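Below are the chains, spelled out letter by letter.
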Amino acid sequence: MLATKISLIIAVVLGIFLYFVLSTSNFFVYFTIPSIIIVNVIRILEKKKQERLIFKKE
């Protein structure tokens, strides 16, 4: 879960910065969609890793 929290913090900080630099349509296309995909991929990978650790313990 640490990687998910770190990626969320990075996404928020970059989002605040890019919000003032890019126009609204460019912000949505170049930041919002990719950041959602990246954070969700990290979350899925962490869940799979935790499931493997739990499965190995049993």
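Thresholds applied
Residues numbered from 1 in each chain as written. Predicted model: local features only at pLDDT ≥ 70, side-chain atom pairs only at ≥ 80, totals over all residues. Heavy atoms only, no water. Helix = DSSP H or I, 4+ residues; strand = E, 2+ residues; numbered from the N terminus. Buried < 20%, exposed > 50% of the residue type's maximum accessible area, 1.4 Å probe, protein only. Areas by Shrake-Rupley, 256 points an atom, 1.4 Å probe, with all protein chains shown as cover.

Caption draft 1: Spotlight on the overall build of the protein. Along the protein, the regular secondary structure elements total 2 helices and 0 strands. Principal-axis analysis of the C-alpha atoms gives the protein an extent of 50 × 15 × 5 Å. Relative to its 58 residues, the protein shows a buried fraction of 17%. For the protein, the computed accessible surface area is about 5100 Å², with 73% contributed by carbon and sulfur atoms.

Caption draft 2: Here's a closer look at the environment of Ile 44. Structurally, Ile 44 is set in helix H2 (residues 24-57). Residues Ile 44 and Ile 6, 38 residues apart in the sequence, show an inter-C-alpha distance of 15 Å.

Caption draft 3: Structural context of the environment of Thr 32. Along the chain, Thr 32 turns up in helix H2. For Thr 32, a relative accessible area of 18% translates into the label buried. Once the C-alpha coordinates of Thr 32 and Gly 15 are considered, the two residues, 17 residues apart in sequence, prove to be 7.8 Å apart.

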